[in-house]
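Now for the letters of each chain:
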Amino acid sequence: MTVGDEVFTARRGIVISTGTKPAIPDLSGLESVNYWTTRDVIKLEKLPSSLTIIGGGPVSCELGQVLSRYGVDIKIVQSREQLLQREEPEAAETIREIFASEGIEVIT
């Protein structure tokens, strides 16, 4: 694959992530604490021992599961009744069950 003048060769695959703009929730007191967005987390040189993720959308779930598999104790807090709000309830429940089996705590 060529990007600009640079040629990339993949050994296993290429992930194309055009990115999203992280949404900062309107939570009282959030401005007074040091919080991270997904962009900050992927730049970390050292993983935290635990992390609470606010939001239960696809990016939050994916990031939480990856970090959990690297040994980070993960809690996902979702303001709605289910994770992955735009997905079928059965699919969201399956993900929740998988997360529970992997030690990821989900709070809705």
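Residues numbered from 1 in each chain as written. Predicted model: local features only at pLDDT ≥ 70, side-chain atom pairs only at ≥ 80, totals over all residues. Heavy atoms only, no water.

## Looking at the sheet that holds strand E4 (residues 73-77)
Then comes step 1: Taken together, the three strands give an open sheet; going across it, the order is E3-E4-E5, and neighbouring strands pair in parallel fashion. In the strand order of this sheet, the two ends are held by strand E3 (50-54) and strand E5 (105-107), each with one partner. Going from strand to strand, the sheet's axes swing by 15 degrees on average, the running direction of each strand aside.
Then comes step 2: Where E4 meets E5, three bridges bridge the pair, whose relative direction is parallel. Its bridge partner being in E5, lysine 75 is matched across the sheet by glutamate 105. (Pairing = 2+ DSSP bridges. Helix = DSSP H or I, 4+ residues; strand = E, 2+ residues; numbered from the N terminus. Axes fitted to C-alpha atoms, helices over the stretch in contact; angles between N-to-C directions.)

## Regarding the pattern of salt bridges
When charged atoms on two side chains of opposite charge get close, those side chains can pair.
Then comes step 1: If you walk through the whole model with that rule in mind, you get one salt bridge.
Then comes step 2: Across the salt bridge formed by glutamate 102 and arginine 69, the nearest N and O atoms sit 2.7 Å from each other. Residue glutamate 102 is found in the loop between helix H3 (89-101) and E5, and its partner arginine 69 is found in helix H2 (residues 58-69); the two are separated by 33 residues along the sequence.
Then comes step 3: When its relative accessible area of 28% is taken as the criterion, glutamate 102 is described as partly exposed. (Salt bridge = Lys/Arg side-chain N within 4 Å of Asp/Glu carboxyl O. Buried < 20%, exposed > 50% of the residue type's maximum accessible area, 1.4 Å probe, protein only.)

## Considering H3
Then comes step 1: When the terminal C-alpha atoms of H3 are compared, their 18 Å separation across 13 residues agrees well with the 18 Å that a helix rising 1.5 Å per residue should span.
Then comes step 2: Glycine 103 lies just past H3 and shows a positive phi near 85 degrees. (Expected span 1.5 Å × (residues − 1).)

## Describing the side chain of glutamine 82
Then comes step 1: Its location among the elements puts glutamine 82 in the loop between E4 and H3.
Then comes step 2: According to the relative accessible area criterion, glutamine 82 is buried, its value standing at 18%.
Then comes step 3: Reaching out from glutamine 82, the side chain makes a polar contact with the backbone oxygen of glutamate 87 at a distance of 3.2 Å.
Then comes step 4: Residues contacting glutamine 82, with those up to four places away along its chain left out, are Glu87, Glu88, Pro89, Ala92 and Thr108. (Polar contact = N/O pair within 3.5 Å; in protein donor to acceptor, adjacent residues only side chain to side chain. Contact = heavy atoms within 4.5 Å.)

## What to know about H2
Then comes step 1: Under the 1.5 Å per step criterion, the end-to-end length of H2 is 17 Å for 12 residues, consistent within 8% with the ideal 16 Å.
Then comes step 2: Residues Ser60, Cys61, Leu63, Gly64, Gln65, Leu67 and Ser68 constitute the buried set of H2.
Then comes step 3: In this fold, the buried residues of H2 make contact with helix H1 (38-41), E3, E4 and H3.
Then comes step 4: In the segment just after H2, glycine 71 is the residue with positive phi, at about 100 degrees.

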